[in-house]
Amino acid sequence: MAQVSIVDNLDCFAEEFKGISLEGKKINKAEFETCTFISCDFSETFFSSCRFIECKFINCNLSLMKLTSTKISDVVFDSCKMIGIDWTMADWKSLLSPEPIRFIECILNDSNFFGLSLEGLVMKECRVKEVDFRNAILKKANFKESDFKGALFDNTHLEEADFTNAQNTYLNIYKNHLKGAIFNRYEALFLLETMGIKLVD
């Protein structure tokens, strides 16, 4: 059976796309529900006014992908390269109750989540270097085993977020909302030391 081509105004349900390359192309008003994308190259692809609902991306290159006015809900990214994506360009407001997006073993370096409300977000075992989370609402997020070197947190809501075994997490405990957040002992000590607090045995 021939694979469906991804074009403008496509309306897709439960399709599998494998090895597709749309590098640098623009797709308008396409809708994908319960679709799976495997080993696809969507680097620098411009998705405009599209919808991705209950989809899964596996081993895809999505770096510098643009999501202008695109709706995303209940999407899983597994082992994807996703450098330099501005997630604030997506359409989050028109989704009444968007399901969390989940990143598993992904590279998310240099991305922007500034001011977004993504409660229940999952970023597990990811590289999250130099990512902007300022003013974001990320309550109950799962950040287990991710590397946050250089990531920006300021006025970020991280209540009940789980940072177990996360690395290089620099958080000013006075400038962020951390009630109920979970850290392992080593990272908790690191946070105190970065605040200039001296620890003794």
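Visitor: Explanation requested: a negative patch on the surface in the structure shown.
Guide: On the surface, Asp 11, Glu 33, Glu 54 and Glu 99 cluster together into a negatively charged patch. Along the chain, the position of Glu 33 falls in strand 4 (residues 31-33).

Visitor: Got a minute to help me understand the packing of aromatic side chains in this structure?
Guide: Given two aromatic rings, one states the distance between the centres and the angle between the planes to describe the pair. Under the defined criterion, the tally for this structure stands at 27 aromatic pairs. On the numbers, 5.3 Å between centres and 85 degrees between planes, the contact of Phe 47 with Phe 52 is edge-to-face. For Phe 52, a relative accessible area of 4% puts it in the buried group. With a centroid separation of 5.2 Å and 80 degrees between ring planes, the pair formed by Phe 143 and Phe 148 is classed as edge-to-face.

Visitor: I'm lost on the sheet that holds strand 1 (residues 11-13) in this one. Help?
Guide: Backbone hydrogen bonds are what pair the strands of a sheet, in a parallel or an antiparallel way. Strand order in the open sheet made by the 4 strands is 1-4-7-9, with parallel pairing throughout. If you trace the sheet from one side to the other, it starts and ends with strand 1 and strand 9 (71-73), each paired once. Strand-to-strand, the axes of this sheet are offset by a mean angle of 5 degrees, without reference to chain direction. Taken together, the 3 bridges between strand 4 and strand 7 (residues 51-53) define a ladder with parallel strand orientation. Across the sheet, residue Glu 33 finds its bridge partner in strand 7, namely Ile 53.

Visitor: So what exactly am I meant to see when it comes to the side chain of Glu 159 here?
Guide: Residue placement: Glu 159 occurs in the loop between strand 12 (122-124) and helix 1 (185-194). Within the buried core, Glu 159 has no salt-bridge partner, and the shortest N-O distance to an opposite charge, that of Lys 139, equals 4.9 Å. Contacts of Glu 159, omitting those with residues within four sequence positions, involve Lys 139, Lys 140, His 177 and Lys 179.

Visitor: I tried to follow the side chain of Thr 70 on my own but got confused; where do I start?
Guide: In this structure, Thr 70 sits in the loop between strand 8 (56-58) and strand 9. Among the polar contacts made by the side chain of Thr 70, one reaches the main-chain amide nitrogen of Cys 50 at a distance of 3.2 Å. Residue contacts for Thr 70: discarding those within four places in its chain leaves Phe 47, Ser 48, Ser 49, Cys 50, Arg 51, Phe 52, Ala 90 and Asp 91.

Visitor: Even after reading the chapter, I still don't get the environment of Asn 135, so can you show me in this structure?
Guide: Position of Asn 135 among the secondary structure elements: in the loop between strand 12 and helix 1. Considered as a pair, Asn 135 and Ser 117 are 18 residues apart in the sequence and their alpha carbons are 9.0 Å apart. When near neighbours in sequence (up to four residues on either side) are disregarded, Asn 135 contacts Phe 114, Gly 115, Asp 154, Asn 155 and Thr 156. A polar side-chain atom of Asn 135 sits 3.0 Å from a polar atom in the side chain of Asn 155.

Conventions we followed
Residues numbered from 1 in each chain as written. Predicted model: local features only at pLDDT ≥ 70, side-chain atom pairs only at ≥ 80, totals over all residues. Heavy atoms only, no water. Patch = residues over 30% accessible without salt bridge, like charges linked within 9 Å, V, L, I, M, F, W, Y side chains within 5 Å. Areas by Shrake-Rupley, 256 points an atom, 1.4 Å probe, with all protein chains shown as cover. Salt bridge = Lys/Arg side-chain N within 4 Å of Asp/Glu carboxyl O. Lys, Arg positive; Asp, Glu negative; His and termini not counted. Charge placed at Lys NZ, Arg CZ, Asp CG, Glu CD. Helix = DSSP H or I, 4+ residues; strand = E, 2+ residues; numbered from the N terminus. Phe/Tyr/Trp six-rings, centres within 6.5 Å; stacked < 30°, edge-to-face > 60°. Buried < 20%, exposed > 50% of the residue type's maximum accessible area, 1.4 Å probe, protein only. Pairing = 2+ DSSP bridges. Axes fitted to C-alpha atoms, helices over the stretch in contact; angles between N-to-C directions. Contact = heavy atoms within 4.5 Å. Polar contact = N/O pair within 3.5 Å; in protein donor to acceptor, adjacent residues only side chain to side chain.

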